[in-house]
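Chains, contacts and geometry: an overview
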Amino acid sequence: MLQIDLIRREPAVVKAKLAKKHFTNTEVVDEIISLDQKRKLVKSDVDDLLSQRNNISKEIGNLLKTKLPEDIAKAEQLKNEIAAIKDKIAVLEKDLEIIELAQFNHLVSLPNLPADIVPEGRFAEDNLCVFCVEEIPNLPETALPHWELAAKYDIIDFELGVKLTGAGFPVYKKQGAKLQRALISFFLDEAIAAGYVEVIPPLMVNKDSAFGTGQLPDKEGQMYHITEDEFYMIPTAEVPITNIYRDIILKESQFPVKMVGYTPCFRREAGSYGADVRGLNRLHQFDKVEIVQIQHPDKSYETLDNMVAHVEGLLKKLELPYRILRLCGGDMSFGSALTYDFECYSAAQKRWLEVSSVSNFESFQSNRLKLRYKDANGKNVLAHTLNGSALALARIVACLLENNQTENGIRIPDALKPYTGFEYIH
RNA sequence: GGAGAGAUGGCAGAGUGGUCGAUUGCGGCGGUCUUGAAAACCGUUGACUGUUAAAGGUCCGGGGGUUCGAAUCCCUCUCUCUCCGCCA
């Protein structure tokens, strides 16, 4: 959620930046400002009336204390006076409620403003490739896609998942299950070595948490919703982990807060179909290790670079061909100010798969979360939040299987061998 | 699932209808003392809104009600604790 203060002060700048994100409904900005002016007027009227009421009530209290007949009569008179004030308050408070609700609804409909270096553009093709490995693997035509390798070595069973739950819920078996665990441990250990504190959060969150990180109201349809208890299955560990710091006022000395967590992630992915969802490409449940940082606004972009470097280090250790994209305004997520996507090359499918997304949300989430720090002047200021996948498992597995297939089986990268305990899947 | 008790500031814990944004203790911060530290002593210490600054307003788990006036009374929801039942 954008800060109302910024919208008030710099409406033109806000509109221009929204346009870069292809949010062109600029009348919303004007509407927010006009509602804000109305709100202030009504609020100040209500406050005046409340102030009058408070004073009269105090007076009544004092009069009644004396127990003198004339004072009691006076008190009764004042009670009548207050009745009229109360009616006025009731009317104005109703107005105020309507105005505030309208303003809130408009405010939460605005996406975050993109950073200056975000490229112009609307679609994936407009993303700026800031790094790409020199050699993209070129496998022989006989190379198998990962879903066939999964069947060949009996390590991932998609059909069985359909039986148990439905499409998009694979069952990992044997060396496939071990590989999964190995990757999770490897990613966690790397993050812990980089100073992140590990947490294991709940896999379901309440409405407040889903709102805090921006999933609600914007992406309601993408989460599994447990209606009986009003819980949402987490689409990413970002939600519970970042919400640990909801309603918190940090000291500056606590920056940066660094957390890492492994969780399964649940996504409804309504409307997806075809080659896009084949095999491990897009699942309803997948595993992910997520890194989250909370940082001083002056340092958040430096931190974003650190997080990008961390993810890059993981891909290097896994010996996977990757590229890094700086997302264009139209392709970025709702709440992000700057996002780098990491894509790995899936050599048998001959396509790039997104395996990580690292973003700086600036104060967009913290405004909703009321996540602040006390600055040197004792003023409470919104902190910046960042997060990134480090890494998302399923697509990494897809690339590992495809790119590393040999006549002897699937080769495990050196960095992973201590975790798998085997060098080949066969 | 059944029965009961409770939810107050960073924490502990007073407050049952009026000057209570809230006694007090701990913690935090600043100071005196000290070579330094501890102890002791003194002072200070919630958030939001609003404003040039203020005044004013709001907040005692959430929502609603009674009242001139609610932390305090009533209703309701959520959560926590204790006992019983069930159980990894």
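Numbering of residues starts from 1 in every chain and runs along the sequence as written. Written order determines the labels here, with chains lettered from A and ligands numbered from 1. Totals for whole chains, interfaces and linings use all residues, but because this is a predicted model, local features are given only for residues with pLDDT of at least 70 and pairs of side-chain atoms are given and counted only at 80 or more. Each side-chain value is worked out from all heavy atoms of the structure, with water and hydrogens disregarded.

Examining the side chain of Asn404
The secondary structure listing takes helices from DSSP runs of H or I that are at least 4 residues long and strands from runs of E that are at least 2 residues long, numbered from the N terminus. Its place among the elements puts Asn404 in the loop between α12 (393–403) and β17 (405–406). Summary of the burial criterion: residues with accessible area below 20% of their type's maximum are buried, those above 50% are exposed, and those between are partly exposed, where the area comes from a 1.4 Å probe applied to protein chains only. Judged by relative accessible area, Asn404 falls into the buried class, the value being 6%. Among the polar contacts made by the side chain of Asn404, one reaches the main-chain carbonyl oxygen of Arg411 at a distance of 2.9 Å. Residue contacts follow a heavy-atom distance rule, with two residues in contact if any of their heavy atoms lie within 4.5 Å. Non-local contacts of Asn404, meaning those with residues more than four positions away in its chain, are made with Cys399, Gly409, Ile410, Arg411 and Pro413. Each polar contact in these results corresponds to two N or O atoms within 3.5 Å; when the atoms are within protein, one needs to be able to donate a hydrogen and the other to accept it, and residues that are neighboring in sequence are counted only if both atoms are side-chain atoms.

Quick look at the domain arrangement of chain A
Each domain of chain A was delimited in the assignment, giving domain 1 (4–109) and domain 2 (124–425). Domain extents, as shown, originate in an automatic or database domain assignment. Distance between the C-alpha centres of domain 1 and domain 2: 44 Å. Should a side-chain nitrogen of Lys or Arg be within 4 Å of a carboxyl oxygen of Asp or Glu, the pair is scored as a salt bridge. For the interface between domain 1 and domain 2, the tally reads zero salt bridges. Taken together, domain 1 and domain 2 are joined by three residue pairs in polar contact (both at pLDDT 80 or more). At three residues, the largest contribution of residues to the side of domain 1 that touches domain 2 is made by helix α4 (residues 69–109). Residues are grouped as follows: Ala, Val, Leu, Ile, Met, Phe, Trp, Tyr, Cys and Pro are nonpolar; Asp, Glu, Lys and Arg are charged; all remaining types, including Gly, are polar. In the side of domain 1 that touches domain 2, the residues fall into two nonpolar, two polar and two charged.

As for the protein's contact with RNA strand B
Around RNA strand B sit 20 residues, and of these Asp47, Ser57, Asn62, Ile82 and Arg372 come closest. For RNA strand B, a sugar or linking oxygen lies 3.3 Å from a polar atom in the side chain of Ser51. One of the side-chain nitrogen or oxygen atoms of Lys86 is found 3.1 Å away from a phosphate oxygen of RNA strand B. Those elements giving two or more residues to the surface near RNA strand B turn out to be α3 (27–66), α4 and β14 (372–374). Sorting elements by how many residues they give to the surface near RNA strand B places α3 first, with 12 residues. Nearness here has a simple test: a residue counts as near a molecule or strand if at least one of its heavy atoms is within 4 Å of that partner.

A short note on the nonpolar core
We define the nonpolar core as a collection of buried residues of types Ala, Val, Leu, Ile, Met, Phe, Trp, Tyr and Cys that are connected through side-chain atoms lying within 4.5 Å of one another. Core analysis: the biggest nonpolar cluster contains 61 residues, and Leu183, Leu315 and Ile396 have the highest contact counts within it. The element contributing the most residues to this core is α12, with eight residues. In this structure, Leu2, Ile32, Ile33 and Leu110 belong to the second largest nonpolar core, which totals 16 residues.

Thoughts on a nonpolar patch on the surface
Residues with no salt bridge and a relative accessible area higher than 30% make up the patches, which join like charges within 9 Å and nonpolar side chains (Val, Leu, Ile, Met, Phe, Trp, Tyr) within 5 Å. All accessibility values rest on the Shrake-Rupley procedure with a 1.4 Å probe; residue burial counts only the protein chains present in the view. Taken together, the side chains of Leu128, Val130 and Phe131 make up a nonpolar region of the molecular surface, amounting to roughly 220 Å² of accessible area. With respect to the helices and strands, Phe131 occurs in strand β1 (residues 128–132).

A look at the environment of Ile244
Among the structural elements, Ile244 can be located in the loop between α9 (238–243) and β8 (249–251). For Ile244, a relative accessible area of 41% gives the class partly exposed. With 106 residues separating them in the primary sequence, Ile244 and Lys350 have C-alpha atoms 40 Å apart. Not counting residues within four places of it along the chain, the set of residues in contact with Ile244 comprises Val199 and Met259.

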